[in-house]
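Working through the structure, step by step
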Amino acid sequence: MFYVKLASRNIRQSISNFLPFGLSSVVMFIMNLMIATILLSPSLKKLKGSGSFAMLLGLGLIVLSIFATIFMIYSYRFLLKRRTKEFGLYNILGLKKRHIVRISILELMMMFFATVITGTVFGIILAKFLYLILIHLLGESYFDLQWSPIAVGIVTMIFACIYLLLMIISSFSIRRQSSLELLKNASKGEKEPKSRGILALLGLVSLAIGYYLAVTVTSPLDALTKFFIAVLFVIFGTLLFYLSFTIWLLKRQKKNKAYYYQPKHFITVSSMLYRMKQNAVGLANITILVTMTFVTLATTVGLYSSINGFLDDYFVRNTIININTTQQRGTSFIDQVAEKNGIYLKHKISYEMSNSMIGAMQNGKFENKQKLSNLTAVNFMTADTYAQLTGNKVHLSSNEAIAFPAVGSFNEDQVKFGDHTFKIKEKISGTVTFHRSA
Amino acid sequence: MLLQVKHLQKIFQTRFSKEKTIALQDVSFSVEDGEYIAIMGESGSGKTTLLNTLATLDKPTSGSVILNGQDVTKIKENKLAEFRRTHLGFIFQDFNLLDTLSVRDNIFLPLVLGREKVRVMEQRLEKLAPKLNINDLLNKQPFELSGGQKQRVAIARALITEPELVLADEPTAALDFKNSESLLALLEEINDTGQTILMVTHSAIAASHAKRVLFIKDGRIFHQLYRANREASKFMQEISMTMTSLLGTEVR
Ligand SMILES: Nc1ncnc2c1ncn2[C@@H]1O[C@H](COP(=O)(O)OP(=O)(O)OP(=O)(O)O)[C@@H](O)[C@H]1O
Ligand SMILES: [Mg+2]
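Residues numbered from 1 in each chain as written. Chains lettered and ligands numbered in written order. Predicted model: local features only at pLDDT ≥ 70, side-chain atom pairs only at ≥ 80, totals over all residues. Heavy atoms only, no water.

Worth spelling out the cut-off: UniProt positions are given in the numbering used here, feature names are shortened, and annotations may be inferred rather than shown by experiment.
In the annotation of an unreviewed UniProt entry, the entry for chain B reads ABC transporter ATP-binding protein, and the organism field reads Sporolactobacillus laevolacticus DSM 442. Word for word, the UniProt comment on chain B under Sequence similarities (unreviewed entry) is "Belongs to the ABC transporter superfamily."

As C-alpha cells, then:
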C-alpha cells in the first residue's frame, strides 16, 4: 500500500511529465478501440461487402497496434529519462532498487488502468461517430453500432502487452544503472551516435519495397494483403531511415572537413547529430502518422469520388422512361403528361428499340434455356435510332439488323427468329454516352 | 572512532578501452565522532571518488571503509539503500531537490522512503527548521528558491534522518561568495551540536571552516592540518600556503 501511495503521488506531483505519455497512451487506445468496436459490431455484418471490410479493419488493427507499441515505447522512454534523476535520488536516500522498480511498475499500472477507463469511454463515443461517417460514406442506413465488450477486451489485452513491455524496459533501465548514474542521467552527456550503414541501407530498401508494393497493387483481390505488407514495410523503413540513415548522412557531412568547418554547417550538423539520436523515433512516428492520415484521406476521397463517377458513367440521364409503344405515340404521350403537370422537359433524347430478347445464344438462335451463366439480352433497333444514337448513318437492307447486347456476350453474325434469318449489320457494344440529338 | 578508512584503492577501467585511471591509490585516515573534516585537492585528484566510496555509492577496488565497526564495502547490494538511509546524510553540489515536491516534502523524502511516522517527521522538522532558517520556505516549491536557500533545504534533508555522518561534495561550489560564507557558518554551527561532517572541496575558504583538513593528491592523502582554536581566516592562510606548496612541488 505504501508503494501504491508513493506511485500515485508521483503521478499527481509530476503530472506535467506524465501527461504527454498518458495522452499518447489514451489516444492510441482510442484509435485501436474504434477500429475494434466497428470490426466486432454485429451491425457490420449487415453491410454489403462486410467480409473484405472486416478484413481491412482487422489488418488496420494490426498496423495500429504495431504503431501504438512503437509510439508508446518512445513516449515512455521520454518520460523515463525525465524521471531517472528522481529514481537515483530515491536510491541514494534509501530506497532499494527493487522497490524503485516496484514503484515504476505501479505507476505504469495506474497509467494503464487510467488509459483503459478513459480510452474505453472516449473510444466508444468516437467509434459511434466514426461509424456514422462510415455509414454515410457507404450510403447505408444501419445506425445501430453497439459497443462490444469483446472489442474492449481485445484492445485492453493489446495494451496490457504494451505496458508489460514498458515495465520490462523500465525495470531493466533502473537495474542496469548505478544510483550515481541514475542521479546524473538528466545531465549526462550523450555519446555521439554510431552510424550504421547497413541499417541505413535496409531502411531505404524497405521503404522502396513498401512504396513499390503499394503503388503496384492492381488486382482488388490481393490489394488488401499486399497493401498491408506494404504498410509494414513503410513503418519499418521509416523508423530505420530516421534512426540510421539521417545519422549516417550527417556523419558523412561531418567527415567532409571543408564542408563541416563552415559556421553554418558546423552548428547545424553537430547539433542535428545529437538531436536526431534523441528524436529519431519521434520524427519517424510523426512521419508514419502523417503518411497514414494522408493515405487514408486520399483513399477515402478517391473511393468516394469514384463512386459518384461510377454512377455518372452508368446512369447518364436523370430520368429514363420506357414505354411499350411506337416512338411517335410514346413522345406525344410524355409531352401530354408533362404539359398537364407543368413540367418542362430538357435535354430530351428519345429513340425506339425492340424489347430485350433474352436467351442463351446457340447458332444464332435464342434458346430459352435456364442457364444463367450464358444468358444474353439483346435489343434491336432501326437504322434511324442507330443514327440518332451514334451519329453514324447506316443503310439497312432487308433481313439485316442492328443489335445492342445489353447483358452478356453476343458475337453472332446472324440471328434466327423462327424461319427468319437476320444478318447483323452493326452492333453497339458496351455503354455509350449517347450522341445528343437536338 | 566513527570512521576508519584503510588502504583504499580505486581503479577505473572503462568497458570498451583498456586504459586505466587510478583515482585512489592508497588512502587511509580515520574520523572521530563529532569531527568536521574537509578533504582538499585539485581537480581530478580523486576527492569525489573518495566521497562516493565512503557513501557506498561506489565500490573500491580494494581496501575497507569501516563505519561504527561495520565494513561498508562488504554490505550487500540490496541492503545498501537502507544502510545509507539510516547512517548517512548527503549534501550535493547541485542540491538535487525534486522540483515536483514542495520544500517540506523534499525534506521529508528520506523519512517517507523509510516509512517514518508523520508525527516523527514533523517533530524533527520543527526542531531543524529554525536552525536552518527555512521556516518561511517550507510551503514553497524548489524552483522558487535561491541557490543558498536550496542548499539549506538540502542540508535539512540530510540532517532529518539524524545520520551518524554527513557527507558533502563541494556544497558551496554552486553558490556566490556571500551565500557560501553563511552556508559554511551554518555547517560549523551544525558541527558544534555534535554532528560529524565530512566535506570535499577545492576551496581554501570552505576548508578553513573545518576542524581538520586532509590534502589529497594523486590518489593519496599526503598531508593534514588541524585548525585547533584558530580563526577561520588564519587557518585559511595556512591552507592556501599548503596548497601552493603542493602545486609548487607538482609544477616544480
Ligand atoms: N566513472 C569514471 N570512470 C572513469 N574515470 C573516472 C570516473 N570518475 C572519475 N574518474 C577519474 O578519476 C579521477 C578522479 O576523479 P574525481 O572525480 O574523484 O576528481 P575530483 O577530485 O572530484 O575532481 P573535481 O575537483 O574536478 O571534482 C579523474 O582522473 C577522473 O578522470
Ligand atoms: Mg569532484
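Alright, that's what it looks like, and here's the rest.
**Points about the side chain of Lys10 of chain B**
Residues and elements named next belong to chain B. Going by this rule: Helix numbering and strand numbering both begin at the N terminus, where a helix is a DSSP run of H or I of at least 4 residues and a strand a DSSP run of E of at least 2. Distance and chemistry together define a polar contact, namely a pair of N or O atoms within 3.5 Å, with one atom able to donate a hydrogen and the other to accept it when in protein, and with adjacent residues in sequence counting only for side-chain atoms on both sides. Any two residues having at least one pair of non-hydrogen atoms within 4.5 Å are treated as being in contact.
By the secondary structure assignment, Lys10 is in strand β1 (residues 3-13). Reaching out from Lys10, the side chain makes a polar contact with the side chain of Asp58 at a distance of 3.5 Å. Ignoring sequence-local partners within four residues, the contact set of Lys10 consists of Thr21, Ile22, Ala23, Leu24, Thr49, Asp58, Lys59, Pro60 and Thr61.

**Considerations on the site of ligand 1**
All names here are of chain B. Rule in force here: Nearness is judged by heavy atoms alone; a residue qualifies as near a molecule or strand once a single heavy atom is within 4 Å of it. Areas reported as accessible are Shrake-Rupley estimates using a 1.4 Å probe. Residue values count occlusion only from the protein chains shown. Each residue is assigned to one of three groups, with Ala, Val, Leu, Ile, Met, Phe, Trp, Tyr, Cys and Pro labelled nonpolar, Asp, Glu, Lys and Arg labelled charged, and all others, Gly among them, labelled polar.
Around ligand 1 sit Phe12, Thr21, Ala23, Glu42, Ser43, Gly44, Ser45, Gly46, Lys47, Thr48, Thr49 and Glu170, and that is every residue in its neighbourhood. Ser45 places a polar main-chain atom, nitrogen or oxygen, 3.3 Å from an oxygen atom of ligand 1. Here an oxygen atom of ligand 1 sits 2.5 Å away from a polar atom, N or O, in the side chain of Thr49. Compared with its free state, where it exposes 630 Å², ligand 1 has 60% of that area covered by protein. Contributions of two or more residues to the shell around ligand 1 are made by β2 (20-31) and α1 (47-54). Its residues assigned to classes, the shell around ligand 1 comprises two nonpolar, seven polar and three charged.

**With respect to the interface of chain B and chain A**
What counts here: When two parts are brought into contact, each loses some accessible area as probed by a 1.4 Å sphere; the total of that loss over both is the buried area. Whenever Lys or Arg places a side-chain nitrogen within 4 Å of a carboxyl oxygen from Asp or Glu, that contact is recorded as a salt bridge.
Chain B puts 21 residues into the contact, and the matching count from chain A is 19 residues. Where chain B abuts chain A, roughly 2100 Å² becomes buried across the two surfaces, and 64% of that area is made up of carbon and sulfur atoms. Seen at the junction of chain B and chain A, the total is zero salt bridges. Mapped onto the side of chain B that touches chain A, the elements with two or more residues apiece are α2 (77-87) and α3 (103-113) of chain B. Residues of the side of chain B that touches chain A, tallied by class, amount to eleven nonpolar, four polar and six charged.

**Details of the pairing of strand β3 (residues 36-40) of chain B**
All names here are of chain B. Which entries qualify depends on this criterion: Throughout, exposure labels follow a simple rule: accessible area from a 1.4 Å probe, protein chains only, divided by the maximum for the residue type, with under 20% read as buried, over 50% as exposed, and the rest as partly exposed. For two strands to count as paired, DSSP must find a minimum of two bridges between them.
Among the five residues of β3, five are classified as buried, and the element is accordingly described as predominantly covered. With four bridges connecting them, β3 and strand β9 (residues 212-217) associate as parallel partners. Looking at β9, one finds that Ala38 is bridged to Val213.

**Quick word on the packing of helix α3 (residues 50-92) of chain A against helix α5 (residues 149-176) of chain A**
All names here are of chain A. As a reminder of what qualifies: Only C-alpha atoms enter the line fits that serve as axes; for helices the fit covers just the stretch in contact. Angles between N-to-C directions range over 0 to 180 degrees. Throughout, a crossing is termed right-handed when the near helix is turned clockwise from the far one, and left-handed when it is turned anticlockwise from it by less than a right angle.
At their nearest, the axes of α3 and α5 sit 10 Å apart, and the two run at 35° to each other. Crossing angle aside, the handedness with which α3 passes α5 is right-handed. Across the interface between the two elements, Ser65, Ala68, Thr69, Met72, Ile73, Tyr76, Leu80 and Phe87 from α3 touch Ile158, Phe159, Ile162, Tyr163, Leu165, Leu166, Ile169, Ser170, Ser173 and Ile174 from α5. Broken down by class, the residue content of the contact of α3 with α5 amounts to 14 nonpolar, four polar and no charged.

**Comments concerning the packing of aromatic side chains**
Going by this rule: Whether two aromatic rings pair depends on their centres lying within 6.5 Å, for rings of Phe, Tyr and Trp, where Trp uses its six-membered ring; planes under 30 degrees apart make the pair stacked, over 60 edge-to-face, and the rest tilted.
Taken as a whole and assessed by the stated rule, the structure comprises 19 aromatic pairs over all chains. Judged by centre distance (5.6 Å) and plane angle (85°), the ring pair of Phe241 of chain A and Tyr242 of chain A falls under edge-to-face. With a relative accessible area of 22%, Phe241 of chain A lands in the partly exposed category. Residue classification places Tyr242 of chain A among the buried positions, given a relative accessible area of 18%. Geometrically, the ring pair formed by Phe215 of chain B and Phe222 of chain B is edge-to-face, given 6.4 Å between the ring centres and 65° between the ring planes. Looking at Phe222 of chain B, the relative accessible area reads 40%, which means it is partly exposed. One aromatic cluster in this structure is built from Phe21, Tyr76, Phe112, Phe113 and Tyr163 of chain A.

**A word on the confidence of the model for chain A**
The test is simple: Confidence of the predictor at the level of single residues is given by pLDDT, which spans 0 to 100.
The predicted model of chain A has a mean per-residue pLDDT of 82, with 90% of residues at 70 or higher. For chain A, strand β2 (residues 365-367) of chain A is the element with the lowest average pLDDT, namely 77, and α5 of chain A is the one with the highest, namely 94.

**Concerning a positive patch on the surface**
The criterion, for reference: Residues qualify for a patch when their relative accessible area is over 30% and they have no salt bridge, like charges being joined within 9 Å and the nonpolar side chains of Val, Leu, Ile, Met, Phe, Trp and Tyr within 5 Å. The sign given to each residue is positive for Lys and Arg and negative for Asp and Glu; His and the chain ends receive no count. Here the site of a charge means atom NZ of a Lys, CZ of an Arg, CG of an Asp or CD of a Glu.
On the surface, a cluster of positive charge is contributed by Arg98, Arg102 and Arg175 of chain A together with Lys76, Lys79 and Arg115 of chain B. Along the chain, the position of Arg98 of chain A falls in helix α4 (residues 97-138). By relative accessible area, Arg98 of chain A is classed as partly exposed at 41%.

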